[in-house]
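Structure assessment
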Amino acid sequence: MHKINPVPFPKRVRGEGVSRNRRSIRLRGYDYSQAGAYFVTVCAQRRKGVFGDVVNGQMVLDDSGRTVMNQWLNTPELRPNVALDEFVVMPTHIHGIVIISERGRGVLQYAPTGPRSPSQTIGAILRGFESAATKQINELHNTPGAKVWQRNHYEHINER
């Protein structure tokens, strides 16, 4: 099991692009599309409590939280090589275990150049989830273009 700790981003120097100053928190040389179990945490933008509240020790999801839960549960429908294990939606983030099985399996999508399989990396899987959840939450609250998610995610990898 590899543990990946978040690394703070260096401060930006005026006039320099973000990509020149960003340090990756990903495990160098690791193939994030390979089969394995990934424990992930995806945080809300600025870690605001936007998915519900904890009441008497129980998480009570609001409309945004239910949207996040439904989009999370929809992930294996879109990517047959992905299974979900335990997960929890909290007021400021979601924790979950994503299991990637065989490579190369996936729902065909139609691009302008013809059918293609979606990327199979854990990053691509989470981006798809975040994008769908963001779109629905913004439609729900009439906030087009509002950011819902923090830029990065964190993971622990358990290779099979």
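The coordinates are above.
**Observations regarding helix α2 (residues 63-78)**
- Compared with an ideal rise of 1.5 Å per residue, which puts 16 residues at 22 Å, α2 spans 22 Å between its outermost C-alpha atoms and is within 8% of the ideal.
- Of all the residues in α2, the buried ones are Ser-64, Gly-65, Thr-67, Val-68, Gln-71, Trp-72 and Thr-75.
- Measuring from the backbone nitrogen of Ser-64 back to the side-chain oxygen at the start of α2 gives 3.1 Å, which picks out Asp-62 as the cap.

**Thoughts on the packing of aromatic side chains**
- One pass over the full model with this rule turns up 4 aromatic pairs.
- With a centroid separation of 5.1 Å and an interplanar angle of 85°, the aromatic rings of Trp-72 and Phe-129 are classed as edge-to-face. Here Phe-129 lies in helix α3 (residues 122-141) and Trp-72 lies in helix α2, a separation of 57 residues in the sequence. Of the two residues, Trp-72 and Phe-129, neither departs from the other in class, the shared state being buried.
- Taking 5.4 Å as the distance between ring centres and 50° as the angle between the ring planes, the aromatic pair formed by Phe-129 and Trp-149 counts as tilted. With Phe-129 in helix α3 and Trp-149 in strand β9 (residues 149-159), this residue pair connects regions lying 20 residues apart in the sequence.
- For Phe-129, a relative accessible area of 4% puts it in the buried group.

**Focus: the environment of Val-148**
- Within the secondary structure layout, Val-148 lies in the loop between α3 and β9.
- Under the relative-accessibility criterion, Val-148 is labelled buried at 9%.
- Counting along the chain gives 10 residues from Val-148 to Asn-138, while the straight-line C-alpha distance between them is 8.4 Å.
- Those residues within four positions of Val-148 in sequence are excluded, and the remaining contacts are Ala-44, Gln-45, Phe-51, Thr-134, Ile-137 and Asn-138.

**Some remarks on the packing of α2 against α3**
- Remark: α2 packs on α3, axes separated minimally by 9 Å, with the N-to-C direction vectors making an angle of 145°. The element α2 and its partner α3 pack so that their crossing is right-handed. Mapping the contact onto sequence places Asp-63, Ser-64, Thr-67, Val-68, Gln-71, Trp-72 and Thr-75 in α2 and Ile-125, Leu-126, Phe-129, Ala-132, Ala-133, Gln-136, Ile-137, Leu-140 and His-141 in α3.
- In the contact of α2 with α3, the residues fall into 9 nonpolar, 6 polar and 1 charged.

Reading the values: the criteria
- Residues numbered from 1 in each chain as written.
- Predicted model: local features only at pLDDT ≥ 70, side-chain atom pairs only at ≥ 80, totals over all residues.
- Heavy atoms only, no water.
- Helix = DSSP H or I, 4+ residues; strand = E, 2+ residues; numbered from the N terminus.
- Expected span 1.5 Å × (residues − 1).
- Buried < 20%, exposed > 50% of the residue type's maximum accessible area, 1.4 Å probe, protein only.
- Polar contact = N/O pair within 3.5 Å; in protein donor to acceptor, adjacent residues only side chain to side chain.
- Phe/Tyr/Trp six-rings, centres within 6.5 Å; stacked < 30°, edge-to-face > 60°.
- Contact = heavy atoms within 4.5 Å.
- Axes fitted to C-alpha atoms, helices over the stretch in contact; angles between N-to-C directions.
- Left-handed = near helix turned anticlockwise from the far one by under 90°.
- Nonpolar A, V, L, I, M, F, W, Y, C, P; charged D, E, K, R; others polar.

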